[in-house]
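# Residue-level structure breakdown
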Amino acid sequence: MKISIAQGHNPPHNINGITVIIDVIRAFTTSHQAFVGGLDHILPVATAEEAFALREHHPQALLAGEVQALPIKGFDYGNSPWEIANSDVTNRTMILRTTNGVTATLRARDSREVLVAALINAEATARYIQEQAPPSVVLVASHPTGDEDVACAEYIRALLGGDGITLEQAQERTRNAFAARKFFDGSHPRLRPEDIHMASSSAGDDGLVMKVSFEPLPRIDKLA
Ligand SMILES: O=C(O)[C@H](CS(=O)(=O)O)OP(=O)(O)O
Ligand SMILES: [Mg+2]
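Anyway, here's the lowdown on the structure attached to this text. (Residues numbered from 1 in each chain as written. Chains lettered and ligands numbered in written order. Predicted model: local features only at pLDDT ≥ 70, side-chain atom pairs only at ≥ 80, totals over all residues. Heavy atoms only, no water.)

## Quick word on the site of ligand 1
Every one of the 14 residues lining ligand 1 counts as a neighbour, but Arg26, Asn79, Thr98, Asn100 and Lys182 are closest to it. Here Glu66 contributes a side-chain N or O atom positioned 3.2 Å from an oxygen atom of ligand 1. Take Asn100: an N or O atom from its main chain is 2.7 Å from an oxygen atom of ligand 1. In isolation ligand 1 has 360 Å² of accessible area, and contact with the protein removes 92% of it. Its residues assigned to classes, the shell around ligand 1 comprises four nonpolar, six polar and four charged. (Near = heavy atom within 4 Å. Polar contact = N/O pair within 3.5 Å; in protein donor to acceptor, adjacent residues only side chain to side chain. Areas by Shrake-Rupley, 256 points an atom, 1.4 Å probe, with all protein chains shown as cover. Nonpolar A, V, L, I, M, F, W, Y, C, P; charged D, E, K, R; others polar.)

This is the structure in structure tokens:
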């Protein structure tokens with residue numbers, strides 16, 4: 001199994017392999033928390049305008065996400081795992097807009113299979129990849145310059161038997177990441193330290209694998 005790490009919003013072609021889009025702060029930590037809370041599925045979109053337009057067709061859908069990390073006016077939630085953990089999303093659909101993880105996911109079509117991951121479900125994701133035994137795995141750290149997603153990629157690579165780091169090292173790099181700072185400086189009431197606590201946590205064996213499909217619309221489902 002060839003394992004490579006890429007970074008940014010434009011995943012490389014991986015037509016015969018599994019591509020994992022990683023977003024620790026916070027998109028796929030938020031997504032995982034939603035599935036833990038009973039969410040049915042996620043519809044990722046590129047812009048807030050697309051989210052509002054899609055809700056016309058899915059009037060019961062919840063809108064979640066951010067622009068420049070801040071909640072979007074008219075959305076139900078920010079891109080906040082803490083807000084989701086403190087809400088009832090049972091059996092709902094979530095339309096999600098975020099800067100890095102969602103953007104990269106929407107551009108990852110040239111792969112046999114696309115997964116989304118964060119530290120919270122790194123072990124479950126690695127276990128699934130080992131079971132599928134693809135010829136190649138591309139781990140995409142979606143933040144173009146941040147360290148948190150690269151650390152998660154290096155941890156998953158280690159879990160797959162390659163070079164990498166420990167969970168504790170990945171957790172430390174997440175807490176110390178540049179993107180984490182704004183959650184501790186009181187810059188905005190809805191940028192809470194709890195989000196980073198959740199982003200640097202691991203569900204271990206209880207993690208959920210999150211898989212992307214693209215037809216008829218991009219959507220993220222948890223694997224049973
Ligand atoms: O909402 C977030 O935390 C981030 C924006 S930033 O990297 O913190 O500025 O968006 P995401 O797409 O979840 O990386
Ligand atoms: Mg991020």
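## Notes on the coordination of the magnesium ion (ligand 2)
Protein-derived ligands of the magnesium ion (ligand 2) are Asp23 (OD) and Ile25 (O), with the metal-ligand distances lying across 1.9 to 2.2 Å. For the pair Asp23 and Ile25, a shared accessibility class is recorded, and that class is buried. (Donors = N, O, S within 2.8 Å, 3.2 Å for Na, K, Ca; no water. Buried < 20%, exposed > 50% of the residue type's maximum accessible area, 1.4 Å probe, protein only.)

## Quick look at the environment of Ser187
With respect to the helices and strands, Ser187 occurs in the loop between α7 (167-175) and α8 (193-199). Overall, Ser187 belongs to the partly exposed group, its relative accessible area being 46%. Only 3.0 Å separates the side chain of Ser187 from the backbone oxygen of Lys182, close enough to count as a polar contact. (Helix = DSSP H or I, 4+ residues; strand = E, 2+ residues; numbered from the N terminus.)

## Re the nonpolar core
Ranked by size, the top nonpolar core spans 63 residues in total, and within it Ile25 and Ile156 carry the most contacts. Not counting residues within four places of it along the chain, the set of residues in contact with Ile25 comprises Glu148, Asp149, Thr174, Ala177, Ala179, Ala180, Phe183, Ile196 and Ala199. (Core = buried A, V, L, I, M, F, W, Y, C linked by side-chain atoms within 4.5 Å. Contact = heavy atoms within 4.5 Å.)

## Comments concerning unusual backbone geometry
Here Ile25 and Arg26 are connected by a cis peptide whose omega angle stands at -5°. With respect to the helices and strands, the residue Arg26 is situated in the loop between β2 (14-22) and α1 (27-36). Along the chain, Glu215 connects to Pro216 via a cis peptide bond; the corresponding omega equals 0°. Along the chain, Pro216 falls in the loop between β9 (210-213) and β10 (219-222). Despite not being glycine, Asn91 shows a phi value in the positive range, around 65°. Its location among the elements puts Asn91 in the loop between α3 (81-85) and β6 (93-97). Positive phi is not limited to glycine here, since Ala133 has a value of about 45°. Along the chain, Ala133 turns up in the loop between α5 (122-132) and β8 (136-141).

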